[in-house]
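# Examination of the molecular architecture
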Amino acid sequence: MRFRHSHLLGIEPLAPDEIRAVLDLADDYVALNRSATKHAEVLSGLTQINMFFEASTRTQASFELAGKRLGADVMNMGMQASSLKKGETLIDTALTLNAMHPDLLVVRHPQSGAVNLLAEKVTCSVLNAGDGRHEHPTQALLDALTIRRAKGRLHRLTVAICGDIAHSRVARSNILLLGKMENRVRLIGPPTLMPAGIGEFGVEVYDDMAAGLADADVVMMLRLQKERMDGAFIPSEREYYHRFGLDAEKLAHAKPDAIVMHPGPMNRGVEIDGTLADDINRSVIKDQVEMGVAVRMAAMHLLAENRRAAAA
Ligand code: NCD
């Protein structure tokens, strides 16, 4: 077995060889997605249900396209319109859907830990599409694939993750993955946006962009997650942009061939300069979106393979 799990709930339980297995298979799917046909029958006959309890553009579209390209029957549950409005709990909804025999359940939920809880109650494979500020494993995997393709390797790189670390599941999953693959991870942001106990993550922490970006190979910007902030974490957006917003001048502190990443959605002019974000010589933001479909195809392929092996 290349990937020894029945769910993809986070990066935390994955071994480096499992991460490589997902990325290697995803490379094949990048090629397929660039071909004329874009279709494989790996999930043919299987049912995939997407349950998004939080707004999403690229992640939901990407999971839907990934399932369709692999031949699954894909259903998107509009969770705003579901019985949740009538007071049904997350678990009741999950058990109702589980009774319809889905094979893959893709879940995004605002509460950290909700997706793990749900995975204990159902018989299908669960993929975490982001839970609160906990994990977003497919985002970290697509970021890893983007880095590996741009830099030719995924080890001994200096990666600076900048901005709102405290509220970010993207940062958490990336810190875990990059650490497992033996990279040097730096976190840059104001102390108010650093999570408590950050010292235990094996990272270096900076509150100054020039110092933190020095010699970085990869610069990963994060969105200011205003919807998760319940107080004033920054003096003003203008002041934030001045100190922590990435522009060409600050990027000049990184290696000359450093790449710029952002998981989206971007606040242009808040955490990143719009012109830099669109600069195809530095920014790989569009590649990240492309890699997202391929990584989700690979993850669902591996989980389906394990289900078939378990049923045989
Ligand atoms: C991220 C998320 O939802 O966690 N977006 C994404 O999945 N591409 C980051 C964010 O919302 O800022």
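Residues numbered from 1 in each chain as written. Predicted model: local features only at pLDDT ≥ 70, side-chain atom pairs only at ≥ 80, totals over all residues. Heavy atoms only, no water.

### Side note on the sheet that holds strand E3 (residues 104-109)
Backbone hydrogen bonds are what pair the strands of a sheet, in a parallel or an antiparallel way. One open sheet accounts for four strands, arranged E2-E1-E3-E4; its pairing is parallel. The open sheet is flanked by strand E2 (73-78) and strand E4 (125-131), the only strands paired with a single partner. When strand polarity is set aside, the average angle formed by the axes of neighbouring strands in this sheet is 15°. For strand E1 (residues 47-52) and E3, the ladder comprises five bridges, and the chain directions are parallel. Bridge pairing links isoleucine 49 to leucine 105 in E3. Sitting on the sheet, helix H11 (residues 285-311) touches E1, E3 and E4, and the angle it makes with E4 is about 150°. (Pairing = 2+ DSSP bridges. Helix = DSSP H or I, 4+ residues; strand = E, 2+ residues; numbered from the N terminus. Axes fitted to C-alpha atoms, helices over the stretch in contact; angles between N-to-C directions. Contact = heavy atoms within 4.5 Å.)

### Thoughts on the environment of arginine 4
Mapped onto the elements, arginine 4 comes out in the segment before helix H1 (16-33). Between the alpha carbons of arginine 4 and glutamine 111 there is a distance of 26 Å; along the sequence they are 107 residues apart. Those residues in contact with arginine 4 that sit more than four places away from it in its chain are Ala15, Asp17 and Glu18. At a separation of 3.1 Å, a polar atom in the side chain of arginine 4 contacts the side chain of aspartate 17. (Polar contact = N/O pair within 3.5 Å; in protein donor to acceptor, adjacent residues only side chain to side chain.)

### Some points on the site of the ligand
For the ligand, the full set of nearby residues is Arg58, Thr59, Arg108, His136, Gln139, Arg169, Val170, Arg223, Gln225, Pro263, Gly264 and Pro265. A distance of 2.6 Å separates an oxygen atom of the ligand from a polar atom in the side chain of arginine 223. If the ligand stood free it would expose 310 Å²; the protein chains cover 94% of that surface. Residue assignment for the shell around the ligand shows that the elements contributing at least two residues are helix H2 (58-69) and helix H6 (169-180). Across the shell around the ligand, the residue classes break down as three nonpolar, five polar and four charged. (Near = heavy atom within 4 Å. Areas by Shrake-Rupley, 256 points an atom, 1.4 Å probe, with all protein chains shown as cover. Nonpolar A, V, L, I, M, F, W, Y, C, P; charged D, E, K, R; others polar.)

The values are spatial; any link to function lies outside them.
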